[in-house]
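Understanding the architecture of this molecule
Chain by chain, the residues run as shown.
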Amino acid sequence: MSFKSYFERVFKNLTALENKMQTGFRFSQSEINEIISSAKKENLPFFETLARMPELTMFDVGYLMSSVNLTIEKIEILKKASSLYKEEEFKAQGQTFSDFVFRVGANIDNLNMENLEVFKDLVQCKNELYDFTRALQNPIKYKHSKKKELGFAFQNVFVE
């Protein structure tokens, strides 16, 4: 390695470190650039809010910035939905937090603070559905109280 290339490499690494320090985010400058380059222009004001949510990965933030039309209300719904995610409850179905974020993103136009519990119940079902529009438009119809009733496998039991 020549003397010149050594100093160029050191300078490049110092610049990258300085950029990372200036942003104050947990993402590197190249990750931030990648997210911003694929983001919708109207979602750019929400980048800092999403980046400061510790549970969201770079991939999750990139998906939300590029695929969802964000508003302040939707950010609040996302925060509340993120607080509902409990790994031990979803782990049995093999669902990760990123799966949960994708489902929130797919249904965010139909979500509000009142139907988040119904949404959580729907997501916990082992299925491949991502769009719960019909259930979220009328959550009372799909939410049933859990009743414990005894049932028998046979209608009639004959004893000899």
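Please refer to the structure placed before this passage.
In this text the structure is predicted, and so the values were computed from the model without any measurement. (Residues numbered from 1 in each chain as written. Predicted model: local features only at pLDDT ≥ 70, side-chain atom pairs only at ≥ 80, totals over all residues. Heavy atoms only, no water.)

**Some points on the nonpolar core**
In this structure, Leu50, Leu56, Val61, Met65, Phe100 and Val104 are the most contacted members of the largest nonpolar core, which totals 31 residues. Every element with two or more residues in this core is listed here: helix 2 (29-38), helix 3 (47-51), helix 4 (58-67), helix 5 (72-84), helix 7 (97-107) and helix 8 (116-124). Contact partners of Leu56, with chain neighbours within four places excluded, come to Arg26, Phe27, Leu50, Val61, Leu64, Leu78, Phe97 and Val101. (Core = buried A, V, L, I, M, F, W, Y, C linked by side-chain atoms within 4.5 Å. Buried < 20%, exposed > 50% of the residue type's maximum accessible area, 1.4 Å probe, protein only. Helix = DSSP H or I, 4+ residues; strand = E, 2+ residues; numbered from the N terminus. Contact = heavy atoms within 4.5 Å.)

**What to know about the packing of aromatic side chains**
Considering all chains together, one arrives at 6 aromatic pairs under this definition. Aromatic pair Tyr63 and Phe102: ring centres 4.6 Å apart, planes at 85°, arrangement edge-to-face. With a gap of 39 residues between them, Tyr63 in helix 4 and Phe102 in helix 7 connect regions that are remote in the sequence. Taking relative accessible area as the criterion, Phe102 reaches 18% and is therefore assigned buried. Pairing Phe97 with Phe100 gives two aromatic rings, centres 6.3 Å apart and planes at 35°, and the pair type is tilted. You can see Phe97 and its partner Phe100 sitting in helix 7, 3 residues apart, about one turn around the helix. Take Phe97 and Phe100: they sit in the same class, and that class is buried. Site record: aromatic cluster; members linked through ring pairs are Tyr85, Phe97, Phe100 and Phe119. (Phe/Tyr/Trp six-rings, centres within 6.5 Å; stacked < 30°, edge-to-face > 60°.)

**Quick look at the pattern of salt bridges**
Per the counting criterion, the structure on display carries 3 salt bridges. One salt bridge connects Arg52 with Glu48, and the closest N-O pair in it is separated by 3.2 Å. A residue is classified by how much of its surface remains accessible, and Arg52, at 48% relative accessible area, is partly exposed. Lys79 is paired through a salt bridge with Glu76; the nearest N and O atoms lie 3.8 Å apart. Of this pair, Lys79 and Glu76 both sit in helix 5, 3 residues apart, which is roughly one turn of that helix. Overall, Lys79 belongs to the partly exposed group, its relative accessible area being 35%. (Salt bridge = Lys/Arg side-chain N within 4 Å of Asp/Glu carboxyl O.)

**Focus: the environment of Lys91**
Topologically, Lys91 is positioned in helix 6 (residues 87-91). For Lys91, a relative accessible area of 59% puts it in the exposed group.

**Describing helix 5**
Taking 1.5 Å per residue, 13 residues should reach 18 Å; helix 5 reaches 19 Å between its end C-alpha atoms and fits that length. Looking only at helix 5, the buried set comprises Lys74, Ile75, Ile77, Leu78, Ala81, Ser82 and Leu84. In this structure, the buried residues of helix 5 make contact with helix 3, helix 4, helix 7 and helix 8. (Expected span 1.5 Å × (residues − 1).)

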